[in-house]
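# A closer look at the structure
As a plain string of letters, each chain reads:
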Amino acid sequence: MNLLTTTRRRVATAAVTVALVGVSVAGALAAQASGATGVVNTKGDPGPALTVRQKPTAASAAIGSRADGARVTITCQTYGQSVTGTYGTSTVWDRLKSGGYVSDAYVRTGSDGLVAPLCAGTPTPEQGTPSARVKAVIAAATSMTGRYPYSWGGGNAYGPTKGICCSPSGIDDRNTVGFDCSGLMEYAFHQGARVRLSSTSRSQYADGPRVPTSRLRAGDMVFWSDSTKSASRIHHVALYVGDGKVVEADRVSGPDIRVRAFSTSETGVMPYVVRPVS
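What comes next concerns the included structure. Sequence order as written defines residue numbering, which begins from 1 separately in each chain. Local features in this predicted model are restricted to residues of pLDDT 70 or higher, and side-chain atom pairs are both shown and tallied only at a pLDDT of 80 or more, whereas totals for entire chains, interfaces and linings draw on every residue. Only hydrogens and water are set aside when side-chain values are computed; all heavy atoms of the structure are taken into account.

### So, the overall build of the protein
- Regarding its fold elements, the protein presents 4 helices and 16 strands.
- Relative accessibility under 20% of the residue-type maximum defines a buried residue, over 50% an exposed one, and the middle range a partly exposed one, all with a 1.4 Å probe and only protein chains included. Counting the 278 residues in the protein, one finds 49% classified as buried.
- On the protein, roughly 12200 Å² of surface is accessible, and the fraction owed to carbon and sulfur atoms is 51%. Runs of E in the DSSP output that reach at least two residues are strands. Runs of H or I that reach at least four are helices, and both are numbered from the N terminus. Here the open area of atoms and residues is found with the Shrake-Rupley method and a 1.4 Å probe, where only the protein chains shown may cover a residue.

This is the structure:
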């Protein structure tokens, strides 16, 4: 591996009755236990009551209702069945403080985006079938799982390489052939789509269009920083493969190159993902 392209990488090993689901939380109040509020609007004067569902889908059991114009308290938001309502078409459902879900398409929260934390275990929305190039990128990355160890500074567009010395914890990987987090991304995007990325997780945050993490889809690169979520403190990157999972290279117990469950609410997840390939 060329030394100029390997002196890099991570800095520490360290998101009629209308069907409803409900909870919105104003960004500035997201951390407060009381949550935020929204107003039910089902069209009409007044409109029909909004059904509160047990789960974020119109097919789920009804467990209550809220009158048109009622104010609701939202504790968190999740993704579920697409619903077209007063405020357009949305896959976002709001979990209500009193329990159950209502479609955000019928709740005025003051924002077209997420206004509350994602509910625990929230799956990210899949936006159509991944393109052939995206599928190839994912295949390239996952083909390395379980085959090589993590190696600080290891890996590039062409495959695994020896790493460098030394990691923040002092580990010398000059004799370890494998990948670090950004090296695996270089390999996946070059092999799958002939896209060349830069060689560190921080610099890769600028490699391609940025998209809000709330619009995450397969083929996007996800980044981690410290609690400040500052771009200058990014220390890890992984590839979102869909179905609430990422593939990554990390120095962990078990296979260092692995596919694992992922949540956008993990500590340090950056507010934007990078989408080099559509």
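### A short note on the packing of aromatic side chains
- Working definition: a ring pair exists when centres of Phe, Tyr or Trp rings (six-membered ring for Trp) sit within 6.5 Å. Plane angles under 30 degrees give stacked, over 60 give edge-to-face, the rest tilted. The final tally for this structure, using the stated rule, is 5 aromatic pairs.
- Three or more aromatic residues joined by ring pairs form one cluster here, namely Tyr148, Phe179 and Tyr187.

### Focus: helix α2 (residues 132-142)
- Taken together, the buried positions of α2 are Val134, Val137, Ile138, Ala140 and Ala141. Across the axial projection of α2, the buried residues extend over an arc of 160°, all falling on one side.
- Against α3 (181-193), β13 (236-242) and β14 (245-249) lie the buried residues of α2. The reported arc concerns the directions from the helix axis to the C-beta atoms and nothing else. Note on definitions: a residue-residue contact is assigned when non-hydrogen atoms from the two residues lie within 4.5 Å.

### Looking at the pattern of salt bridges
- One speaks of a salt bridge when a side-chain nitrogen belonging to Lys or Arg is within 4 Å of a carboxyl oxygen belonging to Asp or Glu. In the structure shown here, the tally under the stated rule is 7 salt bridges.
- Across the pair aspartate 172 and arginine 174 runs a salt bridge whose closest N-O atoms are separated by 2.6 Å.
- Relative accessible area serves as the criterion here: at 37%, aspartate 172 is assigned to the partly exposed category.
- By relative accessible area, arginine 174 is classed as partly exposed at 48%.
- Arginine 275 is paired through a salt bridge with aspartate 220; the nearest N and O atoms lie 2.8 Å apart.

### Here we look at the nonpolar core
- To form a nonpolar core, buried Ala, Val, Leu, Ile, Met, Phe, Trp, Tyr and Cys residues must be joined to one another through side-chain atoms within 4.5 Å. Phe179, Leu184, Met185, Phe189, Met221, Phe223 and Leu239 are the most contacted members of the largest nonpolar core, which has 32 residues in total.
- Put simply, the parts of the chain that give this core at least two residues each are α2, α3, β12 (221-224), β13 and β14.
- If one sorts the elements of this core by residue count, α3 sits on top with 7 residues.
- Apart from the residues within four sequence positions on either side, leucine 184 is in contact with Ala141, Met144, Phe179, Val247, Glu248, Ala249 and Ile257.

### A short note on the packing of α2 against α3
- For the pair α2 and α3, interaxial distance at closest approach is 7 Å and the crossing angle is 135°. Relative to α3, the element α2 is oriented oblique. Crossing of α2 against α3: the hand is right-handed. Residues Arg133, Ala136, Val137, Ala140 and Ala141 of α2 form the contact with α3, whose own contacting residues are Leu184, Tyr187, Ala188, Phe189, Gln191, Gly192 and Ala193.
- For this scheme, ten residues count as nonpolar: Ala, Val, Leu, Ile, Met, Phe, Trp, Tyr, Cys and Pro. Four count as charged, namely Asp, Glu, Lys and Arg, and the remainder, Gly too, count as polar. The residue inventory of the contact of α2 with α3, partitioned by class, reads 9 nonpolar, 2 polar and 1 charged. To get an axis, a line is fitted to the C-alpha atoms, and for a helix only the part in contact is used. The angle between two axes follows their N-to-C directions and goes from 0 to 180 degrees. In these notes the angle categories are as follows: under 35 degrees is roughly parallel, over 145 is roughly antiparallel, 65 to 115 is roughly perpendicular, and the rest is oblique. Should the near helix be turned anticlockwise from the far one by less than a right angle, the crossing is left-handed, and should it be turned clockwise, the crossing is right-handed.

### Notes on the pairing of strand β6 (residues 88-96)
- The criterion for strand pairing is that DSSP finds at least two bridges linking the strands in question. Across 8 bridges, the pairing between strand β5 (residues 71-85) and β6 is antiparallel. When the bridges of β6 are listed, glycine 85 appears paired with glycine 88.
- Between β5 and β6, which pair antiparallel and follow one another directly, the connecting turn spans 2 residues.
- Across 3 bridges, β6 lies against strand β7 (residues 101-103) in antiparallel orientation. Within β7, the position partnered with tryptophan 93 by the bridge is serine 103.
- Remark: 4 residues form the turn of the hairpin made by β6 and β7, two consecutive strands paired antiparallel; glycine 99 in that turn has positive phi of roughly 105°.

### Looking at the state of the cysteines
- Throughout, a disulfide means two cysteine sulfur atoms within 2.5 Å of one another. Under the counting rule described, the total for this entry stands at 2 disulfides.
- Shown here is the disulfide that connects cysteine 76 with cysteine 119, its sulfur atoms set 2.0 Å apart. The sign of the 95° torsion about the S-S bond sets the cysteine 76-cysteine 119 disulfide as right-handed. Remark: cysteine 119 occurs in the loop between β8 (107-108) and α2 and cysteine 76 occurs in strand β5; sequence separation between them is 43 residues.
- You can call cysteine 76 buried: its relative accessible area is 12%.
- Covalently, cysteine 165 is tied to cysteine 166 through a disulfide, its sulfur atoms 1.6 Å apart.
- Regarding the disulfides, the protein carries the connectivity 1-2, 3-4 under sequence-order numbering of its bonded cysteines.

### Here we look at unusual backbone geometry
- Residue proline 46 follows aspartate 45 across a cis peptide bond; omega there is -5°.
- Residue placement: proline 46 occurs in the loop between β2 (36-40) and β3 (50-53).
- A cis amide bond links cysteine 165 with the next residue in sequence, cysteine 166, at an omega value of -5°.
- Turning to its location among the elements, cysteine 166 is positioned in the loop between β9 (161-162) and β10 (177-178).
- Phi at arginine 194 takes a positive value of approximately 55°, unusual for a residue other than glycine.

By themselves, these are just geometric observations and shouldn't be taken as functional.
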